[in-house]
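Structure at a glance
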Amino acid sequence: MDGTMSGSDAIRVLVVTRDETTFSLGSNEGIDVSVVGAVDAALENIDRNGGVECVLCDHDPPVIDGVALLEAIRTRAPDLPVMLFAAGEAARRAASAGVTDTFTGVATVDRLPKLVEEAVEYYRAKGDRFAAEARAATHLDAARDGVAII
């Protein structure tokens, strides 16, 4: 992605953090950021608003357990990009739960908009491919005549 997206193509990012920072994403025109301060609010937002395309989350126990949120998201949306600020044991648990990426330092934050764009670009492309396969299967199932694919 080149960062020149129109408003309709803006990436919808949900940030989950206790202090409601946006990890330097708010100034990026191609990223639409919503911020919540609790895991329950994040899950409610994902369930209510299916348009979330990426989740950025702090791992700040006991207020925010980023790994528990990741696990809950994976049951709802297995392919949704989830990026977690965590280190040590939390980062290892997140990796085994299927995190898209983990971050530990401030240097990574500067690259965060680009990393979000790349993850969402892959997520969108994967969704487009599966949608095309589903349409093809629907057409094949609806065909009254025999169909052979060579």
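The notes below deal with the structure included here. These figures come from a predicted structure and were not determined experimentally.

Let us now look at the packing of helix α2 (residues 66-76) against helix α3 (residues 88-97). Contact pair α2 / α3: the axes reach a minimum separation of 9 Å and the direction vectors enclose 5°. As summarised for this structure, α2 and α3 are arranged roughly parallel, according to the angle between their axes. Packed against α2, whose contacting residues are Val67, Leu70, Glu71 and Arg74, the element α3 presents Ala90, Arg93, Ala94 and Ala97 at the interface. Looking at the contact of α2 with α3 residue by residue, the class counts come to five nonpolar, no polar and three charged.

What follows is about the pattern of salt bridges. This structure, assessed with the given rule, holds six salt bridges. Ionic pairing is found between glutamate 53 and arginine 12, a salt bridge with its closest N-O pair at 3.7 Å. Taken together, the residues glutamate 53 in the loop between α1 (39-48) and β3 (54-58) and arginine 12 in strand β1 (residues 11-16) connect sequence positions 41 residues apart. Between aspartate 60 and arginine 18 there is a salt bridge; the shortest N-O distance is 3.1 Å. Separated by 42 residues along the polypeptide, aspartate 60 in the loop between β3 and α2 and arginine 18 in the loop between β1 and β2 (31-36) bring together distant segments of the chain. Here the salt bridges share partners, and the residues they tie into one network are Arg12, Glu53 and Arg124.

Before going further, it helps to examine the side chain of threonine 17. Following the sequence through the fold, threonine 17 ends up in the loop between β1 and β2. Here aspartate 58 takes part through its side chain, which lies 2.5 Å from a polar atom of the side chain of threonine 17.

This next bit is on the nonpolar core. In terms of nonpolar packing, the biggest core is built from 25 residues, with Leu14, Val16, Val55, Leu69, Ile73 and Leu84 touching the most fellow members. Where this core is concerned, the elements lending two or more residues are β1, α1, β3, α2, β4 (82-85) and α3. Sort the elements by how many residues they give to this core and α2 lands first, with five residues. Not counting chain neighbours up to four residues away, the residues in contact with valine 16 comprise Val36, Ala38, Ala42, Val55, Leu56, Cys57, Asp58, Ile64 and Leu69.

Moving on, we come to α2. Residues Gly66, Val67, Leu69, Leu70, Ala72, Ile73 and Arg74 constitute the buried set of α2. At its buried positions, α2 is contacted by β1, α1, β3, β4 and α3. Regarding α2, its N-cap is aspartate 65, as a side-chain oxygen of that residue lies 3.2 Å from the backbone nitrogen of valine 67 further along.

It is worth spelling out the packing of aromatic side chains at this point. Scanning the entire structure with this criterion turns up one aromatic pair. Ring geometry for phenylalanine 85 and phenylalanine 103: centres 5.2 Å apart, planes at 40°, overall tilted. Of the two residues, phenylalanine 85 is situated in strand β4 and phenylalanine 103 in strand β5 (residues 101-103); the sequence distance between them amounts to 18 residues. Relative accessible area serves as the criterion here: at 2%, phenylalanine 103 is assigned to the buried category.

Conventions used here
- Residues numbered from 1 in each chain as written.
- Predicted model: local features only at pLDDT ≥ 70, side-chain atom pairs only at ≥ 80, totals over all residues.
- Heavy atoms only, no water.
- Axes fitted to C-alpha atoms, helices over the stretch in contact; angles between N-to-C directions.
- Helix = DSSP H or I, 4+ residues; strand = E, 2+ residues; numbered from the N terminus.
- Parallel < 35°, antiparallel > 145°, perpendicular 65-115°, else oblique.
- Contact = heavy atoms within 4.5 Å.
- Nonpolar A, V, L, I, M, F, W, Y, C, P; charged D, E, K, R; others polar.
- Salt bridge = Lys/Arg side-chain N within 4 Å of Asp/Glu carboxyl O.
- Polar contact = N/O pair within 3.5 Å; in protein donor to acceptor, adjacent residues only side chain to side chain.
- Core = buried A, V, L, I, M, F, W, Y, C linked by side-chain atoms within 4.5 Å.
- Buried < 20%, exposed > 50% of the residue type's maximum accessible area, 1.4 Å probe, protein only.
- Phe/Tyr/Trp six-rings, centres within 6.5 Å; stacked < 30°, edge-to-face > 60°.

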